[in-house]
Amino acid sequence: MLTPLQKERYSRHLGKISEGEQESLLSKHVVQVGIGGLGSPLAYYLVAMGIGTLTLIEYDTVSISNLNRQILYSIPDLGSLKTDVAKIKLNELNPDVKINIINAKLTNKNYADYISDADYLVDASDSAQTKFLVNDIGIKMNIPFTIAGVREFEGQLMSVIPHKTACYRCVFGKSDIEGALDNYSDPIGIFGFTAGTLGAMQAAEVIKGLLRKEGRLLNTLIMVDLEQMQFLQVKLSKNPKCFC
Ligand SMILES: [Zn+2]
């Protein structure tokens, strides 16, 4: 049962989702990889929406060049671990949500410790290698997931139900580097609003995924170009040669 305070907190979206669905969200565990440009708005919106637990996996510290897009952080946070700062800010926003922080780089050796009871997995990293890893973990552990990438004015986003819909490798092949959503880290440029747009879209996909809503980016890659304000959906199908 939602408390009177929760009913008020979530009142502007209750009606569009039911109280029962909100209760369900408040019992869900989302694991988010990366809390940078995509991950800042993503985490803010997941926490504002009211999920049960958000596990954040990130090993980086805050630097001044992060501040054009990584809206969780401010000048006083320079040099601090992103996980530490994120936990404080997200707790202040919504104490309903338990924030777990993992100060580590996700690898194919440590993932089981962090992800075993996750209901949803979301990649907000800036590394193609990590995107492939998140894909493979999601498939292996049978956890639905969303992956996004951004650079300059452009972004791409897709969601996957393991074994049922096309995965990241179905689209981008075997390589850990080539043909990926790209390694969109420095020195490639990125506008804050591009990361903000795609991060918010990821939050929508995660929430719809947790509630099994329609209209998700399944068997679909959306390509966003904010310079020309174009949104293009590309239909995908599972690659019979892919491991998924
Ligand atoms: Zn596949």
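Report follows, based on the coordinates. All figures in this text were calculated on a predicted structure; none of them were measured in a lab.

### A look at the coordination of the zinc ion
Coordination sphere of the zinc ion, protein contribution only: Cys 167 (SG), Cys 170 (SG), Cys 242 (SG) and Cys 244 (SG), at 2.3 Å. One can describe the donor arrangement at the zinc ion as tetrahedral, given that its four donor atoms subtend angles of 99 to 119° at the metal. Positions of the donor residues of the zinc ion along the chain correspond to the pattern C-x2-C-x71-C-x1-C. Of the two residues, Cys 167 is situated in the loop between strand E6 (154–160) and helix H7 (168–172) and Cys 242 in the segment after strand E8 (230–235); the sequence distance between them amounts to 75 residues. Residue Cys 167 shares its accessibility class with Cys 242, and that shared class is buried.

### Notes on the layout of surface pockets
To find leftover empty space, one rolls a probe the size of a water molecule over the atoms. Taken as a whole, the largest pocket holds about 550 Å³ of empty space. Residue lining of the largest pocket: 32 residues in total, with Gly 36, Glu 58, Ala 124, Ser 125 and Asp 126 positioned closest to the centre. Among the elements of the structure, helix H6 (128–141) and strand E5 (145–151) are those that each provide at least two residues to the lining of the largest pocket. When residues of the lining of the largest pocket are assigned to their parent elements, the largest contribution, three residues, is made by E5. Partitioned by chemical class, the residues of the lining of the largest pocket number 14 nonpolar, ten polar and eight charged.

### Considerations on the pattern of salt bridges
Oppositely charged side chains can form a pair if their charged atoms are brought close together. The full count for this structure, using the stated rule, is eight salt bridges. Between Lys 213 and Glu 21 there is a salt bridge, with its nearest N and O atoms 3.0 Å apart. Of this pair, Lys 213 sits in the loop between helix H8 (192–210) and strand E7 (220–225) while Glu 21 sits in helix H2 (residues 19–25), and the two are 192 residues apart along the sequence. Classification of Lys 213 by relative accessible area gives partly exposed; the value is 27%.

Procedures and definitions
Residues numbered from 1 in each chain as written. Predicted model: local features only at pLDDT ≥ 70, side-chain atom pairs only at ≥ 80, totals over all residues. Heavy atoms only, no water. Donors = N, O, S within 2.8 Å, 3.2 Å for Na, K, Ca; no water. Tetrahedral: all angles 85-135°; square planar, octahedral: opposite > 155°, others 65-115°. Helix = DSSP H or I, 4+ residues; strand = E, 2+ residues; numbered from the N terminus. Buried < 20%, exposed > 50% of the residue type's maximum accessible area, 1.4 Å probe, protein only. 1 Å grid on protein atoms, 1.4 Å probe; cavity = no way out; pocket = protein on both sides within 12 Å on 5 of 7 lines; lining within 4 Å. Points joined across faces, edges and corners; volume = space filled by probe spheres on them. Nonpolar A, V, L, I, M, F, W, Y, C, P; charged D, E, K, R; others polar. Salt bridge = Lys/Arg side-chain N within 4 Å of Asp/Glu carboxyl O.

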